[in-house]
Amino acid sequence: MGTNGWARLPCQPAGVVNLGSAWEVNFELLAALKPDLIITTPFLDALLPKLKDIASCLRISVFDGSGEPVLPKAISETRRMGDYLGASASMSAYLDRSDRLFADCRARLARLPEREVLMFYLIDDRHAYVYGAPGLYQGALDRLGLNNAWTSPCNYWGFTATGLEGLGAAAGDGVHAILFEPTPRDVMTRIGDSPIWKALPFNRTGRLSILPPALAFGMVGEATRFARLLTSAIEARS
């Protein structure tokens, strides 16, 4: 699946060049493009010597394995990137708009009955990835004043695997469940025959919303997209 399948907005421009995967980079093609700057992450540290031979590198550290909340780091790294690029004013304006969006969504949700949220992605018809701290989605929930029904540990990316029974243990009758697309092919058809799935509280109460993709491993833009989608989904079910 292409990048646009997981990060629907903003759309990837048609002219973006495919340089391969993170561990199979086409260095010859990259060098031919003559970039002014290469933005890297901690997961590309092994490639830094080769990348630095091609262009200046800016290392952005958000998902770094520290276990610290992701969204505050994404905000601070966004500011640092703005400073590095000489675009501090533009980046501050962007973050101010993000703050206003979070505040608006929080105010809209405050008018509704208090509700916990359970966020997950279906791996197949028996297993799911469920999202929690310290991930990006959790950071958005915190900004929106919502509680996460999933309180068990997650990895530093902010997710963990569980069976459908794990979702059932976390989802009380008042929980609003959020299922993220893209769902693997035919999973929704098969899962409809599962007695466990049918018995999950959010299916019995009609509190299941299916959201378009919002990249869980992104930064501020993905967090605000998730906030907008989640707020509209909860309003539609209230």
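A brief report on the enclosed structure follows. Computed from a prediction, not measured in an experiment: that's the story for all the values here. (Residues numbered from 1 in each chain as written. Predicted model: local features only at pLDDT ≥ 70, side-chain atom pairs only at ≥ 80, totals over all residues. Heavy atoms only, no water.)

### Digging into the overall build of the chain
And step 1. Looking only at helices and strands, the chain features 11 helices and 8 strands.
And step 2. For 238 residues, the compact-globule estimate of 2.2 N^0.38 gives 18 Å, and the C-alpha radius of gyration of the chain, at 20 Å, lies within 12% of that figure.
And step 3. Overall, the C-alpha framework of the chain stretches about 55 × 40 × 35 Å when taken along its three principal axes.
And step 4. Taken across its 238 residues, the chain has 42% of its residues classed as buried.
And step 5. Sequence separation of 24 or more characterises 64% of the internal contacts of the chain that already satisfy a separation of 6 or more.
And step 6. Carbon and sulfur atoms provide 54% of the accessible area of the chain, an area that totals close to 12400 Å². (Helix = DSSP H or I, 4+ residues; strand = E, 2+ residues; numbered from the N terminus. Rg over C-alpha atoms; globule rule 2.2 N^0.38 Å. Buried < 20%, exposed > 50% of the residue type's maximum accessible area, 1.4 Å probe, protein only. Contact = heavy atoms within 4.5 Å. Areas by Shrake-Rupley, 256 points an atom, 1.4 Å probe, with all protein chains shown as cover.)

### Observations regarding the packing of helix 6 (residues 136–144) against helix 11 (residues 220–237)
And step 1. At a minimum axis separation of 9 Å, helix 6 and helix 11 run at an interaxial angle of 60°. With respect to their mutual orientation, helix 6 and helix 11 come out oblique. In this structure, the crossing between helix 6 and helix 11 has a hand that is right-handed. Here helix 6 contributes L136, Y137, A140, L141 and L144 to the contact with helix 11, which in turn contributes E222, A223, F226, A227, L230 and T231. (Axes fitted to C-alpha atoms, helices over the stretch in contact; angles between N-to-C directions. Parallel < 35°, antiparallel > 145°, perpendicular 65-115°, else oblique. Left-handed = near helix turned anticlockwise from the far one by under 90°.)

### Notes on the environment of E114
And step 1. Along the polypeptide, E114 turns up in the loop between helix 5 (88–110) and strand 3 (116–122).
And step 2. Taking the relative accessible area as the measure of exposure, E114 reaches 75% and is therefore exposed.
And step 3. For the pair E114 and G135, spaced 21 residues apart in sequence, the C-alpha to C-alpha distance is 22 Å.

### Quick look at the nonpolar core
And step 1. Of all hydrophobic cores here, the largest spans 36 residues; its most connected members are M119, F226 and L230.
And step 2. Of all the elements in the fold, those that place two or more residues in this core are helix 4 (70–84), helix 5, strand 3, helix 6, strand 7 (175–180) and helix 11.
And step 3. Among the elements that line this core, the one with the most residues is helix 11, at 7 residues.
And step 4. Not counting residues up to four positions away in its chain, the partners in contact with L230 are V117, L141, L144, L146, I178 and L211.
And step 5. Core analysis: the second largest hydrophobic core is formed by 21 residues, F120, L122, C154 and V187 among them. (Core = buried A, V, L, I, M, F, W, Y, C linked by side-chain atoms within 4.5 Å.)

### With respect to empty space enclosed by the protein
If a probe the size of a water molecule is rolled over the atoms, the empty space left behind becomes visible.
And step 1. According to the stated counting rule, one finds 1 cavity of 30 Å³ or more in the structure shown.
And step 2. Volume-wise, the largest cavity comes out at about 30 Å³.
And step 3. Y131, G132, G135, L136, Y137, Q138, W157, G158 and A216 are the residues that line the largest cavity.
And step 4. For the lining of the largest cavity, the leading source of residues is helix 6, giving 3 residues.
And step 5. Of the residues assigned to the lining of the largest cavity, the class counts are 5 nonpolar, 4 polar and no charged. (1 Å grid on protein atoms, 1.4 Å probe; cavity = no way out; pocket = protein on both sides within 12 Å on 5 of 7 lines; lining within 4 Å. Points joined across faces, edges and corners; volume = space filled by probe spheres on them. Nonpolar A, V, L, I, M, F, W, Y, C, P; charged D, E, K, R; others polar.)

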